[in-house]
Amino acid sequence: MVEWGKRFLTGAIAVPVIFVVMQSKLLIFLFVNVILFISTSEYNKIVSQILQLNSAQMEHGYIKGMQSVLSHIPSHLFIVLVTLLPSDGAIHCALFISIVFFCLHRIFHFLSHGTFLAQKKDEKDTYIDRRFYILTFIQIAFDIFGFIVFCYPLSFMIVLSNQPDGIGYVLLWLISTWQTDNGALFFGAAFGNRPFLKLISPKKTWEGVTGALFFSMLTALFLFMYMKQGTWHPILLPSIPLKHYLLISALVAIIAISGDAIESFIKRAANVKDSGTLFPGHGGVLDRVVLNATFADICL
């Protein structure tokens, strides 16, 4: 059941906060890092759940130990490097450095637990069960996947904020993303009867997809009308033609739907409903923000 009251209250609180954040590049930097920390925590929890569901009881302690606070460092290091060195070459270099840090962190974790994991092979030799090597390798793969899908796109919010009208594009993206989700829920609940992704998320319907596109583009139309009337502060919305507003909102909706499908698959593998509970009526950060951040790259 859709909790519209909680969704409305969350939106009423979130919108003014976003408007304040968009006024300062420092606040944007802090906002991205907070969102990144929460989303990484949600993702790590899901990954841990997936690994535990597919491993023996004796391996659960090692799996839980891999989800430490230290696992956040490579992602935040990347955001810091992007902020200090926003050129394309520097971003690619920071991307490589962060991925290497992920790998080294997991290998050091494995080595630090080597004595604990070691089992006697005979009187002179010991060995570590091959499953722990495989678990560590799978965790590294999950880390890199999460970094590319969640963290890397978020960095474009910082890069985009340094471009002309960039903050306005970020605001347009966020509002369109939220309205995409509202449209999908409303149309899906009211008219939905044709499954869209039955094996991944049985409640998603083609009617919901249509509603997502409609709400996102309708919102873009209203934002354009307010921008033309001069009601908004010039820094908040981009001064571009209506067709660009509609095109951007359509792209946002398509990317949001695609991102939601990816996350639904991950949550299905972990047997969880929402990635978190930060946004009442919406779910976690991964449910509402991070997976749609690739939009910023398209704007660039």
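I will try to describe carefully the structure that is included in this document. (Residues numbered from 1 in each chain as written. Predicted model: local features only at pLDDT ≥ 70, side-chain atom pairs only at ≥ 80, totals over all residues. Heavy atoms only, no water.)

Attention now moves to the overall build of the protein. Regarding its fold elements, the protein presents 12 helices and 4 strands. Burial analysis of the protein (300 residues in total) assigns 47% to the buried set. Put simply, 72% of the contacts in the protein that link residues at least 6 apart link residues at least 24 apart. Of the accessible surface of the protein, which amounts to about 15,500 Å², a share of 70% is contributed by carbon and sulfur atoms. (Helix = DSSP H or I, 4+ residues; strand = E, 2+ residues; numbered from the N terminus. Buried < 20%, exposed > 50% of the residue type's maximum accessible area, 1.4 Å probe, protein only. Contact = heavy atoms within 4.5 Å. Areas by Shrake-Rupley, 256 points an atom, 1.4 Å probe, with all protein chains shown as cover.)

This next bit is on the pairing of strand β4 (residues 201-205). In the case of a regular strand, side chains alternate between the two sheet surfaces. Pairing geometry for strand β3 (residues 195-197) and β4, over 2 bridges, is antiparallel. The partner of Leu197 across the bridge, within β4, is Ser201. If you look at the hairpin formed by β3 and β4, you'll find 3 residues sitting between the two strands. (Pairing = 2+ DSSP bridges.)

Now for a nonpolar patch on the surface. Nonpolar side chains collect at one region of the surface, where Phe214, Leu218, Phe222, Met225 and Tyr226 lie side by side and expose about 460 Å² of accessible area between them. Positionally, Met225 belongs in helix α9 (residues 206-229). The partly exposed category is assigned to Met225, whose relative accessible area is 38%. (Patch = residues over 30% accessible without salt bridge, like charges linked within 9 Å, V, L, I, M, F, W, Y side chains within 5 Å. Salt bridge = Lys/Arg side-chain N within 4 Å of Asp/Glu carboxyl O.)

Next up on the list: the pattern of salt bridges. One pass over the structure, following the stated rule, counts 4 salt bridges. Note that Glu59 is salt-bridged to Arg131, the shortest N-O span being 3.0 Å. Of this pair, Glu59 sits in the loop between α2 (25-53) and α3 (60-65) while Arg131 is found in helix α7 (residues 130-161), placing the two residues 72 residues apart along the sequence. Residue classification places Arg131 among the partly exposed residues on the basis of a relative accessible area of 35%. Its salt-bridge partner being Arg194, residue Glu207 comes within 3.1 Å of it at the nearest N-O pair.

In the contact formed by α9 and helix α10 (residues 242-270), the axes pass within 8 Å of each other and the chain directions differ by 145°. The two elements α9 and α10 cross, and the hand of that crossing is right-handed. Listed contacts from α10 to Val209, Ala212, Leu213, Ser216, Met217, Ala220, Leu221, Leu223, Phe224 and Met227 of α9 are Leu242, Tyr245, Leu246, Ser249, Ala250, Ala253, Ile254 and Ile257. Considered class by class, the residues forming the contact of α9 with α10 number 16 nonpolar, 2 polar and no charged. (Axes fitted to C-alpha atoms, helices over the stretch in contact; angles between N-to-C directions. Left-handed = near helix turned anticlockwise from the far one by under 90°. Nonpolar A, V, L, I, M, F, W, Y, C, P; charged D, E, K, R; others polar.)

As enumerated under the stated definition, the model contains 14 aromatic pairs in all. On the numbers, 5.9 Å between centres and 70° between planes, the contact of Phe186 with Phe187 is edge-to-face. The class for Phe187 is buried, based on a relative accessible area of 19%. These aromatic residues form a ring-pair network of at least three members: Phe78, Phe102, Phe147, Tyr152 and Phe156. (Phe/Tyr/Trp six-rings, centres within 6.5 Å; stacked < 30°, edge-to-face > 60°.)

On their own, these measurements won't tell you what the molecule is for.
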